[in-house]
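Below are the chains, spelled out letter by letter.
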Amino acid sequence: MANEALLNPLRIGRYELPNRIFMAPMTRSRANNAETVPTPLIAEYYAQWAAAGLIVSEGSQVSKQGVGYTNTPGIHSQAQVEGWKQVTRAVHDRNGHIFCQLWHCGRMSHPDFHGGQLSVAPSAINPGDKSFTPDGFNDTVTPRALTVSEIHDITIDFKKAAENAIAAGFDGVEIHSANGYLFHQFFTNCSNIRKDEYGGSHENKTRFFFETLDAVGGAIGFESVGIRLNPSAHGFFGITD
């Protein structure tokens, strides 16, 4: 086994990882408190996986607006930062490495999370799927289209969330830009029919993502930033092209 490639060390940026086995982000819905703060159970869970070369945490919403699943932890409040500290400490105590996945669900959210207000998206198009709300799986609704100013605000939310992640002890962050969530919604014609600088051409449809990547990398260093993309755009929450 000592000669198995997966078990060989790997250097990525400034990180010396003990092996090439990465733990993928998986939503667990264990932040079962009013402030969606990571719990001791979450710390125990990730500590059990510390032997992986790198852990990428479950998606953590960058704002209250970004939530799309019940009981998922955030990374936008001081209480959440303090909760994540116990998680990163538990992983580091076992010589592990952990990145925080930064998440905004966009149109896959639901009014149940927002006091009846609509979820947001690049365009007002219903994905025709289900949202996991406190009352179980409910039909998605037609979201409202973000204004340009609101798009800029979300970029700031990601930047602040990345700074919070570093303050919480994470080794870096991963920007979730796949699986039918907000950035992915901007990438595809079936969910983005905007006529401004954030729609139409490939350059325009990826502008929001690259602006956010620049902001996050500028805040914490690009060597501490990963991104998640789909090799194919088909099959996630109403994404069909």
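In case you missed it, the structure is sitting above this.
Here's what I pulled together on the structure shown here. (Residues numbered from 1 in each chain as written. Predicted model: local features only at pLDDT ≥ 70, side-chain atom pairs only at ≥ 80, totals over all residues. Heavy atoms only, no water.)

1. Quick word on the sheet that holds strand β11 (residues 225-228)
And then number 1: Taken in spatial order, the five strands line up as β3-β4-β5-β10-β11 in an open sheet, and their pairing is parallel. Both outer strands of the open sheet, β3 (22-23) and β11, are each paired with one neighbouring strand and no more.
And then number 2: Where strand β10 (residues 172-176) and β11 come together, four bridges link them in parallel fashion. Across the sheet, residue I175 finds its bridge partner in β11, namely I227.
And then number 3: Packed on one face of the sheet, helix α1 (residues 40-47) meets β3, β4 (54-61) and β5 (98-103) and runs near 150 degrees to β4. (Pairing = 2+ DSSP bridges. Helix = DSSP H or I, 4+ residues; strand = E, 2+ residues; numbered from the N terminus. Contact = heavy atoms within 4.5 Å. Axes fitted to C-alpha atoms, helices over the stretch in contact; angles between N-to-C directions.)

2. Comments concerning the nonpolar core
And then number 1: Formed by 42 residues in total, the largest nonpolar core has its most connected members in Y46 and L102.
And then number 2: Only α1, α2 (78-92), β5, α3 (148-167), β10, α4 (182-187) and α5 (202-220) provide two or more residues apiece to this core.
And then number 3: The residues touching Y46, leaving out its near neighbours within four places in the chain, are M23, I55, S57, E58, W84, V87, V91 and I98. (Core = buried A, V, L, I, M, F, W, Y, C linked by side-chain atoms within 4.5 Å. Buried < 20%, exposed > 50% of the residue type's maximum accessible area, 1.4 Å probe, protein only.)

3. Some thoughts on unusual backbone geometry
And then number 1: Of note in the backbone geometry, N71 takes a positive phi value of approximately 65 degrees without being a glycine.
And then number 2: Of note, N71 is situated in the loop between β4 and α2.
And then number 3: Classification of N71 as partly exposed rests on a relative accessible area of 29%.

4. Some details on the pattern of salt bridges
And then number 1: In this structure the tally under the stated criterion is seven salt bridges.
And then number 2: In this structure, the salt-bridge partner of K130 is D139, at a minimum N-O distance of 2.5 Å.
And then number 3: Taking relative accessible area as the criterion, K130 reaches 40% and is therefore assigned partly exposed.
And then number 4: Here E163 makes a salt bridge to K159, at a shortest N to O gap of 3.2 Å. In this pair, E163 and K159 are both assigned in helix α3, four residues apart and thus about one turn of the helix distant. (Salt bridge = Lys/Arg side-chain N within 4 Å of Asp/Glu carboxyl O.)

5. Observations regarding the pairing of strand β8 (residues 136-139)
And then number 1: Where strand β7 (residues 130-133) meets β8, four bridges bridge the pair, whose relative direction is antiparallel. Residue pairing for β8: T133 is matched across the bridge by G136.
And then number 2: Counting the residues between successive antiparallel strands, the hairpin from β7 to β8 contains two residues.

6. Things to note about the environment of T36
And then number 1: Here T36 is to be found in the loop between β3 and α1.
And then number 2: Overall, the relative accessible area of 17% leaves T36 in the buried class.
And then number 3: Separated by 82 residues in sequence, T36 and L118 place their C-alpha atoms 20 Å apart.
And then number 4: Apart from residues no more than four positions distant in its own chain, T36 is found in contact with A31, Q61, T72, P73, G74 and Q80.

Functional significance is not addressed by these values, which are geometric in nature.
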